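Inside the fold
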Amino acid sequence: MIPTFANNNPNIIPTPNSIVKGEGKDTIIINALGVAQEDIKVEIKPVDDRAYLYIQGETKNSITNTKYSFSNRFSINKIKVKEINYSSENGLLYVDVIY
């Protein structure tokens, strides 16, 4: 997987990530501080002859009504992927890509 992302907007949450490769799965760990799990979307989208795993989240500051978001895209082999699971804990999002 190759991470690709851009962050030119001050309302975009910086999302440093890690990829931990394991036996039969890769785990992507993303900074999702302040974003509730129900406000996170994880999906595979085909683009031309490739497939990408999109991980996006958004939250809103209730005092200023400012929206904050993050978005990551990872190139994946859709044929090999059996399942994708994700959970968040203490501001970190864990996305398991199971092969």
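A brief look at the structure comes next. (Residues numbered from 1 in each chain as written. Predicted model: local features only at pLDDT ≥ 70, side-chain atom pairs only at ≥ 80, totals over all residues. Heavy atoms only, no water.)

1. Considering the overall build of the protein chain
The criterion, for reference: Only DSSP runs of H or I with at least four residues qualify as helices, and only runs of E with at least two residues qualify as strands; both kinds are numbered from the N terminus onward. Summary of the burial criterion: residues with accessible area below 20% of their type's maximum are buried, those above 50% are exposed, and those between are partly exposed, where the area comes from a 1.4 Å probe applied to protein chains only. The contact criterion used is simple: two residues touch if any of their non-hydrogen atoms lie within 4.5 Å. Each accessible area value is a Shrake-Rupley result obtained with a 1.4 Å probe; residue values ignore everything except the protein chains displayed when judging cover.
Within the protein chain, the regular secondary structure consists of 0 helices and 8 strands. Helices and strands in the protein chain line up, N terminus first, as β-β-β-β-β-β-β-β. Taking all 99 residues of the protein chain together, 25% fall into the buried category. Taking contacts inside the protein chain between residues at least 6 apart in sequence as the whole, the part at least 24 apart equals 48%. A total of about 6400 Å² of accessible surface is found on the protein chain, and carbon and sulfur atoms cover 48% of it.

2. Quick word on the environment of Arg73
For Arg73, the location among the structural elements is in strand E6 (residues 67–76). Arg73 gets classed as partly exposed once you look at its relative accessible area, which sits at 29%. Through-space distance from the C-alpha of Arg73 to that of Gln56 is 8.7 Å; in sequence the pair is 17 residues apart.

3. Describing the nonpolar core
Which entries qualify depends on this criterion: Among buried residues, the Ala, Val, Leu, Ile, Met, Phe, Trp, Tyr and Cys ones that are joined through side-chain atoms within 4.5 Å form a nonpolar core.
Counting 16 residues, the largest nonpolar core has Ile28, Leu53, Ile55, Phe70, Leu93 and Val95 as the members making the most contacts within it. Contributing elements (two or more residues each) for this core: strand E3 (25–31), strand E4 (40–47), strand E5 (50–60), E6 and strand E8 (92–98). Aside from chain neighbours lying at most four places away, what touches Leu53 is Ile28, Val42, Glu43, Ile44, Asn72, Arg73, Phe74, Ile76, Ile84, Val95 and Val97.

4. Concerning the sheet that holds strand E7 (residues 83–89)
Note the following rule: Strands were regarded as paired on the criterion that DSSP finds at least two bridges between them. Under this scheme, a helix contributes an axis fitted over its contacting stretch, all axes are lines through C-alpha atoms, and angles between N-to-C directions fall in the 0 to 180 degree range.
In spatial order, the strands read E2-E3-E8-E7; together these 4 strands make up an open sheet with antiparallel pairing. In this open sheet, the two edge strands, each paired with only one partner strand, are strand E2 (17–22) and E7. Pairwise comparison of adjacent strand axes, ignoring direction, gives a mean angle of 15° for this sheet. Pairing analysis gives 7 bridges linking E7 to E8, with the strands arranged antiparallel. By the bridge assignment, Tyr86 is partnered in E8 with Val95.

5. Notes on the pattern of salt bridges
Here is the rule we go by: A side-chain nitrogen of Lys or Arg and a carboxyl oxygen of Asp or Glu constitute a salt bridge if their distance falls within 4 Å.
Under the defined criterion, the tally for this structure stands at 4 salt bridges. As a salt-bridge pair, Lys21 and Asp26 come within 3.6 Å of each other at their nearest N and O atoms. According to the relative accessible area criterion, Lys21 is exposed, its value standing at 60%. For the salt bridge of Lys41 with Glu43, the shortest nitrogen-to-oxygen distance reads 3.8 Å. What emerges from the salt-bridge pattern is a single network uniting Lys41, Glu43 and Lys45.

Keep in mind these numbers describe shape, not what the thing actually does.
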